[in-house]
Each structure stands twice: as C-alpha cells, then as structure tokens.
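# Residue-level structural notes
Here is how the chains run, residue by residue.
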Amino acid sequence: MFQDSPIYDRLIAERGDVPAQVRREAERVSRELELVMRPSQSLGYDRPHSPGGGWQRAGMLPGPRTQ
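Notes on the structure follow. (Residues numbered from 1 in each chain as written. Predicted model: local features only at pLDDT ≥ 70, side-chain atom pairs only at ≥ 80, totals over all residues. Heavy atoms only, no water.)

### Some thoughts on the overall build of the protein
Each helix and strand in the protein was counted, giving two helices and zero strands. The buried share among the 67 residues of the protein stands at 4%. Total accessible area computed for the protein in this model is approximately 7,000 Å², and 56% of it derives from carbon and sulfur atoms. (Helix = DSSP H or I, 4+ residues; strand = E, 2+ residues; numbered from the N terminus. Buried < 20%, exposed > 50% of the residue type's maximum accessible area, 1.4 Å probe, protein only. Areas by Shrake-Rupley, 256 points an atom, 1.4 Å probe, with all protein chains shown as cover.)

In structure tokens form, the structure reads like this:
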C-alpha cells in the first residue's frame, strides 16, 4: 500500500502495523459474530426462538437513585 514511504516505515517500526492489527481483529470479530448470529437450530438446539425471550438488560430511568 505505502511502498517506498520512509515515514510510514518508521511509524510501523515505532508503533507496529496498526492497520493490519485492526484488520485482523475486525476479521476475528466478524467470524465470531457469524457463529453467534446463526439460528439456534443450526447448532443442534431444538428450542423455538421467541422475541424477547433471551437475556435482557433492565433499563433504568435517568436521575438520582432513591433507596
């Protein structure tokens, strides 16, 4: 990509190849998401998927807490 670029080469030497690291991490996350987002039937589970039937985080209203 940056052939014959001494500034880029020096940055790579000092900081590492950040674009390549980001690319690898993005590919890893993408593969993990593919596995997670598959329907449960493809994983061998025999349970119907119901909207809202999974883990949910309870919402809290903004403002001070009263105890």
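### As for the pattern of salt bridges
Should their charged atoms come close, side chains of opposite charge can pair. Counted according to the given criterion, the structure contains two salt bridges. With its nearest N and O atoms 2.3 Å apart, the salt bridge here joins Arg28 to Glu25. With Arg28 and Glu25 both in helix α2 (residues 18–37) and three residues apart, this pair spans about one turn of that helix. Because the salt bridges share partners, they merge into one network encompassing Glu25, Arg28 and Glu32. (Salt bridge = Lys/Arg side-chain N within 4 Å of Asp/Glu carboxyl O.)

### What to know about a nonpolar patch on the surface
A surface patch of nonpolar side chains, amounting to about 500 Å² of accessible area, comprises Val29, Leu33, Leu35, Val36 and Met37. Its place among the elements puts Leu35 in helix α2. (Patch = residues over 30% accessible without salt bridge, like charges linked within 9 Å, V, L, I, M, F, W, Y side chains within 5 Å.)

By themselves, these figures tell us nothing about what the structure is for.
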